[in-house]
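Analysis of the macromolecular model
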Amino acid sequence: MSSYFLTTAIDYANGDPHLGHAYEKIGADAIARYRRLRGDDVHFLVGMDEHGQKVEQTAQAQGIAPQALVDTLSDHFQAMWKRLGISYDQFMRTTDAQHKAGVRALIERIFERNPTDFYEKAYEGWYCVGCESFKQDAEIVDGKCVLHPTRTLEWVEERNWFFRLSRYTDFLRARLIDHPETLQPDSRRNEMLALLDRGLEDVSASRSRLAWGIPFPKPLSSGETQTTYVWFEALPNYLTATGFPDGAWASRWPAQLHIVGKDITRFHSMIWPAMLEAAGLPLPERVWGHGFVLLGGERFSKSAGVRLDLNEAIDRFGPDAFRYFLLREVPFDADGSFSWERFEDRYNSDLANAWGNLASRVISMVERYCEGIVPSGARTDVDTRDAAELLEYHEAMDGTRGFLLHEALRIVWQSVARGNEYVDRQAPWKLAKDPAQRAELETTLASLVRQLARQAVLVAPFMPDKAQELWTQLGATRPLANQRFHMLATLDVTGWQVRKGESLFPKEKPAA
Ligand code: MSP
């Protein structure tokens, strides 16, 4: 059994979960569930980024202690992930004592192994609290950070510890060239290669005047103790989550996959590997930089007032339909938009009319013509064509061609369309009237139940509850979670007793 440790970004604890956070967690969850169905030993980590100026300022504005703020928000995030069926194995919080000790150990290790990688420097520049980072001139337009145009940049003059990121330029370039799979999709990798060509600047590793953070393990030569720069402690969460530096951390590290948004790919593909290399630790195998969900073509933000109430969107058709919609509609390698019209269209056409209808037709016919017991029947064209596309599904899910979750869903829905066409073509209701066609009727229905059962397994990473519901209605005898993809080719549904339940995706009632 191979182990698969995957992570998402840890979310800033300065507000409630929003659509962008949800999109990333849902995508990562589909990959985690897919890996479990392959039989991997999966460890899926999510969590909260609880230190830094942004959190400190939000707490101040609300007149509460930062710890109280992060405690409340961490509950909100966990409740939301539960509602969305995010099957994480571990929830990391950067205010945990274990994380603080791990960060300290990592920084001390860099000091031991590469003492000149840290140096003191007086620095001045524009700081964006939204990004929690210093901004170069090229990232500032009209005096504002291009990513956070509603925030005011802060002019900062400090003497800090710096990390000699520039020293790792050639190392990072060589890695991206020799091992292109370490950063995908290619669009992100090209961006990073261009950045490397312009040259990397050293980054601050500590901050003064920031109370809400982890003390930097070494004071400045003046004796001043500083706080660890928030990114410098946030990135190591993936490592400290394994228990580093104690216990069996090395049995889990390195991570197989970090899933993060395109705005922070740079931190994960430049600073993070450089830090690990400096500490003499193994590097994560892959980083995937997904795109952004937009609302009506725009980036949403609290301050700009472009927003969507996550609970309202989930209430519309339930968590699984919401998961399906986001992953089908917003390509995992690019940007895409959420819109209520598209959501309703997809719900009605893909879920209610296509998949839900196929399931309900087939189950009803097995009840009507075969007393609810799935007959035996040889493989048909439906089985062969599904099998021919299975490889494409896996390549879209396992990283071979990247993590193209929308592609995997497209492939399954091709099979759904074929199923509905096959029903229409075979017209089992006609076959049922002619006793001479009994064998053909049984072959048809057996083939359709087999197809639905396979679809349930392939859809399970995306809509775990609906897949299980269908699986149960088909009368499967073993739990869906015990299925493995390699069993699909020989799946035998003979003798399953179907049980028609509630409609999987109830049709919308026409407006009165
Ligand atoms: N705390 C940092 C990450 C530290 S990881 C060591 C952070 N937090 S965040 O709350 O701003 O964002 C968390 C994740 O959500 C990031 O991967 C970010 O790219 C993603 N998204 C935020 N808005 C998004 C969209 N509108 N669409 C998709 N994902 C986006 O950055």
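Residues numbered from 1 in each chain as written. Predicted model: local features only at pLDDT ≥ 70, side-chain atom pairs only at ≥ 80, totals over all residues. Heavy atoms only, no water.

With respect to the sheet that holds strand S11 (residues 203–204)
Worth spelling out the cut-off: Pairing between strands requires that DSSP locate at least two bridges from one strand to the other. Here a helix means four or more residues in a row that DSSP labels H or I, a strand means two or more in a row labelled E, and each is numbered from the N terminus. Should any heavy atoms of two residues lie within 4.5 Å, those residues are considered in contact. Axis definition: a line fit to C-alpha positions, over the contact stretch in the case of helices; interaxial angles, taken between N-to-C directions, run 0 to 180 degrees.
With antiparallel pairing, 4 strands are arranged side by side in an open sheet as S6-S5-S9-S11. The strands lining the two open edges of the sheet, one partner per strand, are strand S6 (133–135) and S11. Two strands pair when backbone bridges link them, and strand S5 (residues 118–128) and S6 are joined in this way by 3 bridges, in the antiparallel orientation. Within S6, the residue paired with Cys 128 across the bridge is Ser 133. Packing against the sheet, helix H10 (residues 265–279) makes contact with S6, strand S9 (154–163) and S11, and its axis sits at approximately 35° to S9.

Re the site of the ligand
Note the following rule: Nearness here has a simple test: a residue counts as near a molecule or strand if at least one of its heavy atoms is within 4 Å of that partner. Distance and chemistry together define a polar contact, namely a pair of N or O atoms within 3.5 Å, with one atom able to donate a hydrogen and the other to accept it when in protein, and with adjacent residues in sequence counting only for side-chain atoms on both sides. In short, Shrake-Rupley with a 1.4 Å probe defines the accessible areas, and a residue's cover is counted only from the protein chains shown.
Taken together, 25 residues sit near the ligand, with Ile 10, His 21, Glu 24, Asp 49 and Asp 263 positioned nearest. Contact distances for the ligand include 3.5 Å between a nitrogen atom and a backbone N or O atom of Gly 20. Gly 261 has a polar backbone atom sitting 2.9 Å from an oxygen atom of the ligand. For the ligand, the protein covers 94% of the area, taking 660 Å² as the surface of the free molecule. Elements with a contribution of two residues or more to the shell around the ligand: strand S2 (11–12), helix H1 (19–38), helix H7 (230–234), helix H8 (237–240) and strand S14 (257–261). At 4 residues, H1 tops the list of elements feeding residues into the shell around the ligand.

Notes on the domain arrangement of the protein chain
Applicable threshold: Domain boundaries shown here were taken from an automatic or database domain assignment. Throughout, buried area stands for the accessible area (probe radius 1.4 Å) lost by two parts on being put together, summed over both. Salt bridges are counted wherever a side-chain nitrogen of Lys or Arg sits within 4 Å of a carboxyl oxygen of Asp or Glu. Residues are sorted three ways: Asp, Glu, Lys and Arg are charged, Ala, Val, Leu, Ile, Met, Phe, Trp, Tyr, Cys and Pro are nonpolar, and all the rest, Gly among them, are polar.
One can read the domain layout of the protein chain as domain 1 (3–308) and domain 2 (340–490). Just the C-alpha atoms count here: the centres of domain 1 and domain 2 sit 41 Å apart. Each side of the interface is counted separately: domain 1 has 17 residues, and domain 2 has 20 residues. When domain 1 packs against domain 2, close to 1500 Å² is buried across both sides, 69% of that on carbon and sulfur atoms. Summed over the three residues of domain 1 that lose the most area to domain 2, namely Tyr 34, Leu 37 and Trp 288, the buried surface amounts to 45% of that side. Put simply, domain 1 and domain 2 have 1 salt bridge between them. Notably, a salt bridge pairs Asp 398 with Arg 38, separated by 3.7 Å at the nearest N-O pair. Our enumeration of links across domain 1 and domain 2 arrives at 5 residue pairs in polar contact (both at pLDDT 80 or more). Ranked by residue count, the leading element in the side of domain 1 that touches domain 2 is H1, at 10 residues. Partitioned by chemical class, the residues of the side of domain 1 that touches domain 2 number 8 nonpolar, 3 polar and 6 charged.

A short note on the packing of aromatic side chains
Note the cut-off: Aromatic contacts are taken between Phe, Tyr and Trp rings whose centres are within 6.5 Å, Trp giving its six-membered ring; a plane angle under 30 degrees counts as stacked, one over 60 as edge-to-face, and the others as tilted. With a 1.4 Å probe rolled over the protein chains alone, any residue whose accessible area is under 20% of its type maximum counts as buried; one over 50% counts as exposed, and the rest are partly exposed.
If you walk through the whole model with that rule in mind, you get 41 aromatic pairs. Between Phe 111 and Trp 161, the ring centres sit 5.4 Å apart and the planes meet at 85°, which makes this aromatic pair edge-to-face. Of this pair, Phe 111 sits in helix H4 (residues 97–113) while Trp 161 sits in strand S9, and the two are 50 residues apart along the sequence. Of the two residues examined, Phe 111 and Trp 161, each falls in the buried class.

Description of unusual backbone geometry
For the bond running from Gln 184 to Pro 185, omega is -5°, close enough to zero to count as cis. Inspection of the secondary structure assignment puts Pro 185 in the loop between strand S10 (183–184) and helix H6 (186–198). Cis peptide bonds are those with omega within 30 degrees of zero, and the linkage from Phe 244 to Pro 245 qualifies with 5°. Its place among the elements puts Pro 245 in the loop between H8 and helix H9 (249–252).

Examining helix H14 (residues 381–397)
Since there are 3.6 residues in each turn of an α-helix, residues three or four apart along the chain are aligned in direction. Rule in force here: Under the convention used throughout, the expected extent of a helix is 1.5 Å for every residue step, that is, one less than its residue count. To get the bend at a given residue, fit one axis to the seven residues ending there, fit another to the seven starting there, and take the angle between those axes.
Given a rise of 1.5 Å per residue, 17 residues ought to cover 24 Å, and the 25 Å separating the end C-alpha atoms of H14 matches this to within 8%. Maximal helix bending in H14 amounts to about 30°, located at Glu 389. Restricting attention to buried positions, one finds in H14 the residues Val 382, Asp 383, Asp 386, Glu 389, Tyr 393, His 394, Ala 396 and Met 397. Where H14 is buried, its residues meet H1, helix H15 (405–426) and helix H17 (438–459). Looking at the residues trailing H14, positive phi occurs at Gly 399, about 95°.

Here's the deal with the pairing of strand S1 (residues 3–8)
Summarising burial for S1: 5 of the 6 residues are buried, a large majority. Where S1 and strand S3 (residues 41–49) come together, 5 bridges link them in parallel fashion. Looking at the pairing, Ser 3 lines up with Asp 41 of S3. As paired elements, S1 and S14 share 3 bridges and run parallel to each other. Opposite Leu 6, over in S14, you have Leu 257 as the bridge partner.

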